[in-house]
There are 2 protein chains.
Amino acid sequence: MSEESLLKAFGQNICQLRKELKLSQEQLAERAQLDRTYVSSVERGQRNISLLNICKLAAALDVLPGSLLANLGDFYEQ
Amino acid sequence: MSEESLLKAFGQNICQLRKELKLSQEQLAERAQLDRTYVSSVERGQRNISLLNICKLAAALDVLPGSLLANLGDFYEQ
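Small disclaimer: the values here were computed from a predicted structure and weren't measured. (Residues numbered from 1 in each chain as written. Chains lettered and ligands numbered in written order. Predicted model: local features only at pLDDT ≥ 70, side-chain atom pairs only at ≥ 80, totals over all residues. Heavy atoms only, no water.)

(A) Examining the interface of chain B and chain A more closely. Listed as interface residues are 23 residues of chain B and, on the opposing side, 23 residues of chain A. Carbon and sulfur atoms supply 73% of the area that chain B and chain A bury against each other, a total of about 2100 Å² over both sides. Our count for the contact surface shared by chain B and chain A stands at two salt bridges. For K56 of chain B, the salt bridge goes to E3 of chain A, with nearest N and O atoms at 4.0 Å. Looking at the side of chain B that touches chain A, the elements that each hand over two or more residues are helix 1 (3-20) and helix 4 (51-60) of chain B. If you tally residues by element for the side of chain B that touches chain A, the top one is helix 4 of chain B, at seven residues. Residues of the side of chain B that touches chain A, tallied by class, amount to 16 nonpolar, five polar and two charged. (Contact = heavy atoms within 4.5 Å. Buried area = accessible area lost by both parts, 1.4 Å probe. Salt bridge = Lys/Arg side-chain N within 4 Å of Asp/Glu carboxyl O. Helix = DSSP H or I, 4+ residues; strand = E, 2+ residues; numbered from the N terminus. Nonpolar A, V, L, I, M, F, W, Y, C, P; charged D, E, K, R; others polar.)

Written out as structure tokens, the structure is:
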């Protein structure tokens, strides 16, 4: 399993959705009640984010949590 | 946000899928390359599981990672 590329893909999902909502990282972090530097490191694929933080970001981006993992199956070799 | 109920719902998703495949926790843990006691605590909603472990369990259960979070949006009050 390419863990690095999986975390990067997740981070890109967050970044793309954030930009679609025209939010800064600061604004997203505030909505999600997370730290801005944490959000920045998640977007850069440097965090093995927890389920609860995935759900906080999903709520802040107004999407269902599962949708943030939509394309992650491709990175996973059995 | 009811964090406890969210983690419990995720755990029930794992447990249900595992039983549908007629796998023991031991067999699922082995497939996912995780510890059996860890899988047990995830199923009981006692773990704020990480993204990489969500993907390992999804691959072991032969489902897409996002599907394990399918019903978690309901637990999340904005």
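Next comes the rest of the write-up.
(B) Main features of the UniProt feature "domain: HTH cro/C1-type" (unreviewed entry) in chain A. Mapped onto the present numbering, the UniProt feature "domain: HTH cro/C1-type" (unreviewed entry) falls on residues 16-68 of chain A. Span residues 16-68 of chain A is 58% helix and 0% strand, its end C-alpha atoms 11 Å apart. (UniProt positions renumbered as here; feature names shortened; annotations may be inferred.)

(C) Looking closely at the relation of the copies chain B and chain A. In screw terms, the move from chain B to chain A is a rotation of 180° and a rise of 0.0 Å along the axis, fitting with an RMSD of 0.0 Å. On the angle and the small slide along the axis, the relation comes out as a two-fold axis. Of the interface residues in chain B, 100% have counterparts in chain A that sit at the interface too, so the contact is made through matching surfaces. (Least-squares fit on C-alpha atoms with pLDDT ≥ 70 in both.)

(D) Structural context of the pattern of salt bridges. Here the structure, examined in full by the defined rule, presents six salt bridges over all chains. Between K8 of chain A and E4 of chain A there is a salt bridge whose closest N-O contact spans 3.3 Å. Of this pair, K8 of chain A and E4 of chain A both sit in helix 1 (residues 3-20), separated by four residues, roughly a single helical turn. Taking the relative accessible area as the measure of exposure, K8 of chain A reaches 38% and is therefore partly exposed. One salt bridge connects R18 of chain B with E43 of chain B, and the closest N-O pair in it is separated by 2.6 Å. Of this pair, R18 of chain B sits in helix 1 while E43 of chain B is found in helix 3 (residues 36-43), placing the two residues 25 residues apart along the sequence. Judged by its relative accessible area of 8%, R18 of chain B is buried. (Buried < 20%, exposed > 50% of the residue type's maximum accessible area, 1.4 Å probe, protein only.)

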